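Commentary on secondary and tertiary structure
In case you want the letters, here they are:
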Amino acid sequence: MAELSRRTMLRAGGALGALGALSIATPAHAWTWSPTGSVAGAGAGADPRWVWDEEADPLLASLLDRGAVPEVNRRLWGWTRNDQPLPDGLPADLRDFVEHARRLPPWADHGKLESAATFNKARGIYLNLCNGVGGGMLATAIPDEARAVYYSKGGADMEDRVAKTSIFGFAVGALDAYRPGGTCVVECVKTRLVHAAVRHLLRQSPHWSGDIPISQEDMLVTWHTLPTFAMRKMLEWQVPIKPAEKEAYLHVWQVTAHLLGIRDEYIPATWDAANAQSDEILPRNMGPTTEGVELTDILLSQLAEQTSPASLSRPLCNALARYLVGDQVADWDGIRREPVWDPVIRTLWPKLVRFREGLIPLPLVPETAWVIDEAVRRYILFFLTKGQETKIEIPTANRPGS
């Protein structure tokens, strides 16, 4: 695993000092997003910063305290398909919870889920780039998320952490995501169990001094770094998307949010509502941390190792990441500016998108563009195939030494 370089830390030092002080001094903002804009259409309007998972949290605390998790993981290892019965031998309280948690919400629309699967296939290269590189860089610029990842068990082995994240991402984007033979329901429920375990375990770490981690707001913030961010980037790149496709793509993530344990009153019903919610909660939850800088360095080193053995790999990855998330987030993450590759990416990526969409002919796309395209393809291959080497499991401890 790549070590965090002294140069990377020094480079991020200015942002960590000035912006960190600013974020600490900034008062908390009131929750103003209305539940009338949610899929539920109504709700109590409680601030999601102080809401967690009242069903899963006590269950996982009990399973961990009574030492049942290793056996649970063993029995759930072979549970992979949406239509697959739960294995025998699970604790009764866990079985009851999972049987309830695996049900699709009554408002789920199977026609839209099928349309979303087709859209995911057609726009896969953009979605995986946004959700993989872009979402990863945004996540490390979210202090609560960066610290939760770093000090939980997954933070000690980021290759394994990336693999398990890719399992989830691949499940959501698969053609059979919510069909009987798909895996999205299973991976959502397993991820919900992991979140509840992390909430219980991290509070026992001497390095965790904040509130209970992974609140409803924390999950919403992460959610917006995926579908909301991806849709905004595709529209920015002028990727042609039909209204029905936009609605279907939102719907698959609405259902996914529900299965992850996000309350319906917080799940946006429309893209306008999603954008408004994102604009309210992302700014107050983002900023620099030393943990985020270190995780970013590890993730980009992994990406560079996979894209090409040539020495240009890391500079290209840095430039691609900066192009996706912008200068402020990239500076928070300690991503180095690349005087050669930064302008190349800014110039060529829009042309590459237009060529892919049949809007400009091949001769007008420079040869350099295919270097970028190949880097993206190799990353997606890494992002997806890594996920086939492991499975999501409930942790029983924090990061070693934490």
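Above: the structure in question.
The following paragraphs examine the structure supplied in this document. (Residues numbered from 1 in each chain as written. Predicted model: local features only at pLDDT ≥ 70, side-chain atom pairs only at ≥ 80, totals over all residues. Heavy atoms only, no water.)

Notes on the overall build of the protein chain
Keep this limit in mind: Counting from the N terminus, the helices are the DSSP runs of H or I reaching at least four residues and the strands are the DSSP runs of E reaching at least two. Using a 1.4 Å probe on the protein chains alone, a residue whose accessible area is under 20% of its type maximum counts as buried, one over 50% counts as exposed, and one in between counts as partly exposed. The criterion used for residue contact is that any of the two residues' heavy atoms lie within 4.5 Å. Each accessible area value is a Shrake-Rupley result obtained with a 1.4 Å probe; residue values ignore everything except the protein chains displayed when judging cover.
Each helix and strand counted, the protein chain has 16 helices and 0 strands in total. Considering the protein chain as a whole, with its 402 residues, one finds that 55% of them fall into the buried category. Long-range contacts, defined as pairs at least 24 residues apart, comprise 76% of the intrachain contacts of the protein chain with a sequence gap of at least 6. Carbon and sulfur atoms form 55% of the exposed surface of the protein chain, whose accessible area is close to 17400 Å².

A closer look at the environment of L300
Structurally, the position occupied by L300 is in helix α13 (residues 290-307). Since its relative accessible area comes to 1%, L300 is described here as buried. As a C-alpha pair, L300 and V133 span 167 residues in sequence and 8.5 Å in three-dimensional space. Excluding its chain neighbours within four sequence positions, the residues that come into contact with L300 are M137, R314, C317, N318, A321 and I335.

Some thoughts on the packing of aromatic side chains
Put simply, the rule is: Between the rings of Phe, Tyr and Trp (Trp by its six-membered ring), a pair exists once the centres lie within 6.5 Å; its type follows the angle of the planes, with under 30 degrees stacked, over 60 edge-to-face, and the other angles tilted. A positively charged side chain is recorded as over a ring if its NZ (Lys) or CZ (Arg) lies within 6 Å of the ring centre. The angle to the ring normal must also be within 35 degrees.
Scanning all chains against the criterion turns up 9 aromatic pairs. Taking the centre distance of 6.4 Å and the plane angle of 70° together, the rings of F168 and W253 count as edge-to-face. Placement of F168 in helix α8 (residues 158-173) and of W253 in helix α11 (residues 243-259) is noted, with a sequence separation of 85 residues between them. Judged on exposure class, the residue F168 and its partner W253 are both buried. Through a chain of ring-to-ring contacts, the aromatic side chains of Y126, W237, Y323 and W349 assemble into a single cluster. Positioned above the aromatic ring of Y323 is the side chain of K233, whose terminal nitrogen or guanidinium carbon lies 5.9 Å from the ring centre.

Notes on helix α4 (residues 92-101)
Operational definition: The arc in question is formed by the directions pointing from the helix axis toward the C-beta atoms.
Taken as a whole, α4 has its buried residues at L94, F97, V98 and A101. Each buried residue of α4 sits inside an arc of 95° when the element is viewed along its axis, so together they form one side. Projecting away from the buried face of α4 at angles above 90 degrees are the exposed residues A92 and D96. For α4, the elements touching its buried residues are α2 (56-65), α3 (69-76), α9 (184-202) and α11.

Some remarks on the pattern of salt bridges
Let me state the cut-off plainly: We count a salt bridge whenever a side-chain nitrogen from Lys or Arg sits within 4 Å of a carboxyl oxygen from Asp or Glu.
According to the stated counting rule, one finds 23 salt bridges in the structure shown. Close ionic contact of E99 with R102 constitutes a salt bridge, the shortest N to O distance being 3.5 Å. Owing to a relative accessible area of 13%, R102 belongs among the buried residues under this scheme. The shortest N-O distance in the salt bridge between R147 and E291 comes to 4.0 Å. Linking R147 in helix α7 (residues 143-151) with E291 in helix α13, this pair joins segments that are 144 residues apart in sequence. R147 gets classed as partly exposed once you look at its relative accessible area, which sits at 31%. Salt bridges sharing partners connect three or more residues here, namely D47, R49, E217 and R284.

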